[in-house]
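A closer look at the structure
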Number of protein chains: 2
Amino acid sequence: MKSLDAPFFALSDPTRRAILSRLARGEATVMELAEPFEMTQPAVSRHLKVLESAGLIARRVDGAKRPCRLEQKGMQAIDQWLAMMRKALARNYDRLDDVLANMQRKTKGEQQ
Amino acid sequence: MKSLDAPFFALSDPTRRAILSRLARGEATVMELAEPFEMTQPAVSRHLKVLESAGLIARRVDGAKRPCRLEQKGMQAIDQWLAMMRKALARNYDRLDDVLANMQRKTKGEQQ
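In what follows, the accompanying structure is described. What you see is a predicted model; the values in this text were computed from it and never measured. (Residues numbered from 1 in each chain as written. Chains lettered and ligands numbered in written order. Predicted model: local features only at pLDDT ≥ 70, side-chain atom pairs only at ≥ 80, totals over all residues. Heavy atoms only, no water.)

Thoughts on the relation of the copies chain B and chain A
Where we set the bar: Least squares is the method used to superpose the copies, on C-alpha atoms of residues holding a pLDDT of at least 70 in both. Working rule for contacts: check all heavy atoms of both residues, and any pair within 4.5 Å makes them a contact.
Rotating chain B by 180 degrees and moving it 0.0 Å along the rotation axis overlays it on chain A with an RMSD of 0.0 Å. Here the copies are linked by what is in effect a two-fold axis. Mapped onto chain A, 100% of the interface residues of chain B are again interface residues, and the two copies thus contact each other with one and the same surface.

Here is the structure:
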């Protein structure tokens, strides 16, 4: 599995998360991204590089433009890790339920 | 909403993710966490501090021990952000479907 270090690090910045939220609504150029964030294009480009090398966005060439789009695979890798955590937690709660049920059975047995 | 910067940054380290996976299976002390990772206890403690201040784990006092457990609220905040992204992506695909359907209708209209 590709390391999750870079994707999680990329997500630790509010501007990068906002850029991803924007791209979830559809492709955008650096210029289109720079405008709402009131950032210079070089500043946006630096954030895009972090997101691209983390596998969270991809860019294509369209003449002189290089529109960005969300790379779903990167988001899915993060989703998978969280799903694994949820599963482990659920199993843990199931075990706790078993322990509690056993305790209740024992208590009832003692009462009888 | 509490910032997601710290939680995402905390998750960008493989040891911290491994510690969380371990805690998803149940509470553990620093000593119990240090063993499988072949790390010193101070090194584990430093990671735990990062996870605790990010709201991903909580610790309780049990005599001289301070067992750690997963703080579900922190994980849920991350889940919520990802869910929002998935929703935006789905809406985006729905719009694409509409555009494609309209294009097909127009093409059919032209053919008739």
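Focus on a nonpolar patch on the surface
What counts here: Residues form patches when they are more than 30% accessible in relative terms and have no salt bridge. Like charges link within 9 Å. Nonpolar side chains (Val, Leu, Ile, Met, Phe, Trp, Tyr) link within 5 Å. With residues, only the protein chains shown are counted as cover, and all accessible areas are computed by Shrake-Rupley using a 1.4 Å probe. By definition here, a salt bridge exists when the distance from a side-chain nitrogen of Lys or Arg to a carboxyl oxygen of Asp or Glu is within 4 Å. A run of H or I in DSSP counts as a helix once it spans at least four residues, and a run of E counts as a strand once it spans at least two, with each numbered from the N terminus.
Side chains of A:Val99, A:Leu100 and A:Met103 sit close together on the surface and give an oily, nonpolar patch of about 280 Å² of accessible area. Here A:Met103 is to be found in helix H5 (residues 72-111).

Quick notes on helix H3 (residues 30-37) of chain A
All names here are of chain A. The cut-off we apply is this: Relative accessibility thresholds used throughout: buried, under 20% of the residue-type maximum; exposed, over 50%; partly exposed, between the two (1.4 Å probe, protein chains only). Think of it as the arc spanned by the lines of direction from the helix axis to the C-beta atoms.
Along H3, the residues classified as buried are Val30, Leu33 and Ala34. Along H3, the residues classed as buried sweep out an arc of 100 degrees about the axis, all on the same side. Facing away from the buried side of H3 by more than 90 degrees, the exposed set consists of Met31, Glu35 and Pro36. Residues of H3 that are buried sit in contact with helix H2 (14-24), helix H4 (41-53), strand S1 (57-59) and strand S2 (68-70). Within two residues after H3, glutamate 38 carries a phi angle of roughly 50 degrees, on the positive side.

What about unusual backbone geometry?
Backbone geometry at A:Glu38 places phi at a positive 50 degrees, although glycine is not the residue there. You can see A:Glu38 is positioned in the loop between H3 and H4.

A closer look at the interface of chain B and chain A
Definition in use: We define buried area as the total accessible area lost by two parts upon association, computed with a 1.4 Å probe and summed across both. Any pair of N or O atoms that falls within 3.5 Å is considered a polar contact. Within protein, one atom must be able to donate a hydrogen and the other to accept it, and sequence-neighbouring residues count only if both atoms are side-chain atoms. Only Asp, Glu, Lys and Arg are considered charged, only Ala, Val, Leu, Ile, Met, Phe, Trp, Tyr, Cys and Pro nonpolar, and every remaining residue, Gly among them, polar.
Each side of the interface is counted separately: chain B has 30 residues, and chain A has 30 residues. Per-residue buried area on chain B facing chain A is highest for B:Phe8, B:Arg17 and B:Met85; these three make up 19% of the total on that side. Applying the counting rule to chain B against chain A returns four salt bridges. Inspection of the region where chain B meets chain A yields six residue pairs in polar contact (both at pLDDT 80 or more). Among the secondary structure elements, those contributing two or more residues to the side of chain B that touches chain A are helix H1 (5-11), helix H2 (14-24) and helix H5 (72-111) of chain B. No other element matches H5(B), which puts 14 residues into the side of chain B that touches chain A. Looking at side-chain class alone, the side of chain B that touches chain A contains 17 nonpolar, six polar and seven charged residues.

Spatial relationships are all this shows, so hold off on functional conclusions.
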